[in-house]
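# Inside the fold
Next come the chains, spelled out residue by residue.
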Amino acid sequence: MNVYEKRIADEINQIANKEIFFNAYEIMREPDGLATEIIGKLVSWACKPTNTTPITIARECLKQFPTDWISNKIKQTVLSSVDIDDYWEYRRLLELSEIISIDLLEWVITLGEGAKDLDIIEAVDDFNEILQSLKKQNI
């Protein structure tokens, strides 16, 4: 276990008060509020760091969950876990959403629409193109 994985695991295990990191089944069995808090922490790790290692670790963990369940949890936690007005965090959230589902990506794109930051506008445009391509592939 590398230093980033250990730090993420320690934070998740501390929230749950037991060893639960990278065990989607166990996280889903937790009370709703606790599961939501854990997912919020993972979303934060998937979007905030500037190092790709913790981002990748958190994304891999989040990909384990059933799509509908994780999409709903991300929607519940994203505004408290990610700064939508921060270009870096918003683009990482778009990338995470693309990994999870087309529907989630579509929703996250709407969060950036109407932004005044040119970088966020560019990210919205980029991911709208990706979304259209994904939709064509799923026809």
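Our structure's up above, just so we're on the same page.
Now for a quick tour of the structure. No experiment lies behind these values; they were computed from the predicted model shown.

### Some thoughts on the nonpolar core
- Of all hydrophobic cores here, the largest spans 41 residues; its most connected members are Ile39, Leu42, Ile74 and Leu93.
- When contributions to this core are tallied by element, the ones reaching two or more residues are helix H1 (3-16), helix H2 (24-29), helix H3 (32-47), helix H4 (52-62), helix H5 (67-81), helix H6 (87-100), helix H7 (102-112) and helix H8 (118-137).
- In terms of residue count, H3 provides more of this core than any other element does, eight residues in total.
- Excluding residues within four positions of it along the chain, leucine 93 makes contact with Cys47, Ile74, Val78, Val82, Ile84, Val108 and Leu111.

### Thoughts on the environment of lysine 63
- With respect to the helices, strands and loops of the structure, lysine 63 is situated in the loop between H4 and H5.
- Excluding anything up to four places from it in sequence, lysine 63 contacts Ile99 and Ile100.

### Quick look at the state of the cysteines
- Under the defined criterion, the tally for this structure stands at zero disulfides.
- Among the cysteines around cysteine 47, which has no disulfide bond, cysteine 61 carries the closest sulfur, lying 14 Å off.
- Judged by relative accessible area, cysteine 47 falls into the buried class, the value being 0%.
- Of the residues examined, cysteine 61 reaches a relative accessible area of 0% and is grouped as buried.

Conventions and cut-offs
Residues numbered from 1 in each chain as written. Predicted model: local features only at pLDDT ≥ 70, side-chain atom pairs only at ≥ 80, totals over all residues. Heavy atoms only, no water. Core = buried A, V, L, I, M, F, W, Y, C linked by side-chain atoms within 4.5 Å. Buried < 20%, exposed > 50% of the residue type's maximum accessible area, 1.4 Å probe, protein only. Helix = DSSP H or I, 4+ residues; strand = E, 2+ residues; numbered from the N terminus. Contact = heavy atoms within 4.5 Å. Disulfide = S-S within 2.5 Å.

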